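Residue strings, one per chain:
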Amino acid sequence: MFRAFAFALIVFALPPAFAQDTSDARAPGRINAQAFRDIPADATLRVRPFDDTRDNRRLKQQIERALERKGKHVDDRTGTLSMNFETAVQQIGRAGPPPGIGSIQADRDDARVRLNLYSTTEDSLANPRRPEGGGSGSVQFQLTLSLDDARGVRLWQGTATLLGTPVDEMAAYGAMARALLDEMGRTARQKPFRTE
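To start, this report covers the structure provided alongside it. (Residues numbered from 1 in each chain as written. Predicted model: local features only at pLDDT ≥ 70, side-chain atom pairs only at ≥ 80, totals over all residues. Heavy atoms only, no water.)

1. Here we look at the overall build of the protein chain
Thinking step 1. The secondary structure content of the protein chain amounts to 3 helices and 9 strands.
Thinking step 2. If you list the helices and strands of the protein chain from N to C, you get α-β-β-α-β-β-β-β-β-β-α-β.
Thinking step 3. Evaluated residue by residue, the protein chain yields a buried proportion of 30% over its 196 residues.
Thinking step 4. Within the protein chain, contacts between residues separated by at least 24 positions form 71% of all contacts whose residues are at least 6 apart in sequence.
Thinking step 5. Counting only carbon and sulfur atoms, one obtains 51% of the accessible surface of the protein chain, whose full area is about 13,600 Å². (Helix = DSSP H or I, 4+ residues; strand = E, 2+ residues; numbered from the N terminus. Buried < 20%, exposed > 50% of the residue type's maximum accessible area, 1.4 Å probe, protein only. Contact = heavy atoms within 4.5 Å. Areas by Shrake-Rupley, 256 points an atom, 1.4 Å probe, with all protein chains shown as cover.)

2. As for unusual backbone geometry
Thinking step 1. Located in the positive-phi region is Gln190, a residue other than glycine, with phi close to 50°.
Thinking step 2. Mapping Gln190 onto the fold places it in strand β9 (residues 188-193).
Thinking step 3. The exposure class of Gln190 is partly exposed, given its relative accessible area of 48%.

3. Brief notes about the pairing of strand β8 (residues 154-164)
Thinking step 1. Pairing geometry for strand β1 (residues 29-35) and β8, over 7 bridges, is antiparallel. Each residue of the ladder has a partner; that of Arg30, found in β8, is Thr161.
Thinking step 2. Sheet topology note: the strand β7 (residues 139-148)/β8 ladder contains 10 bridges and is antiparallel. Within the sheet, the bridge partner assigned to Leu145 lies in β8 and is Gly158. (Pairing = 2+ DSSP bridges.)

4. Brief notes about the environment of Pro28
Thinking step 1. Tracing the backbone through its elements, the reader meets Pro28 in the loop between α1 (2-13) and β1.
Thinking step 2. Sequence separation between Pro28 and Thr161 is 133 residues; the distance between their C-alpha atoms is 8.6 Å.
Thinking step 3. If we skip the residues at most four places from it in the chain, Pro28 touches Thr161, Leu162, Leu163 and Phe193.

5. Section: helix α3 (residues 169-182)
Thinking step 1. In this model α3 runs 20 Å from its N-terminal to its C-terminal C-alpha over 14 residues, within 8% of the 20 Å that 1.5 Å per residue would give.
Thinking step 2. α3 sits mainly inside the fold: 10 of its 14 residues count as buried.
Thinking step 3. Burial in α3 covers these residues: Met170, Ala172, Tyr173, Gly174, Ala175, Met176, Ala177, Ala179, Leu180 and Leu181.
Thinking step 4. Its buried side turned inward, α3 meets β1, α2 (54-69), β4 (81-91), β7, β8 and β9. (Expected span 1.5 Å × (residues − 1).)

These results come straight from atomic positions and should not be treated as a statement about function.
This is the structure:
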């Protein structure tokens, strides 16, 4: 009886990290957000990109439309709150030999590299397999939105990340902006979102 009781205590005392992963593969994006202060309901917002590129000007318009659909008033001249945003793209994967001609194993204290210099039966440095189509690989898109008042006090900040391919860039940022604005004013930790 004591063993069964002790086992039950151990099972129910396990931290959430041991819980089953319920992430949805159809929701490839993740949101982290932090609410610092309440956002005034009647505030007028102005949207400002940190980098004034052509794509960011297009994204600014998408963010403004999404805010207006949520019932927020947007005006670049009279806005009392600033919605600032920044975009970033990071290549996923590591530089190194083409797939199949070697391997890399590393941990904190040790690193090992194995290369096939020459082989007639498998890929090697001297005769690597040529990838078909020359795919461009995956990237991770990141969008950070922050909301500040007129004194520069941060009211809310959120970051969305999404895996994709380089041709998806504007669609990815638009989906990320809409998902982030759904969390505006709230705190979220690794919340998944879909891009549809």
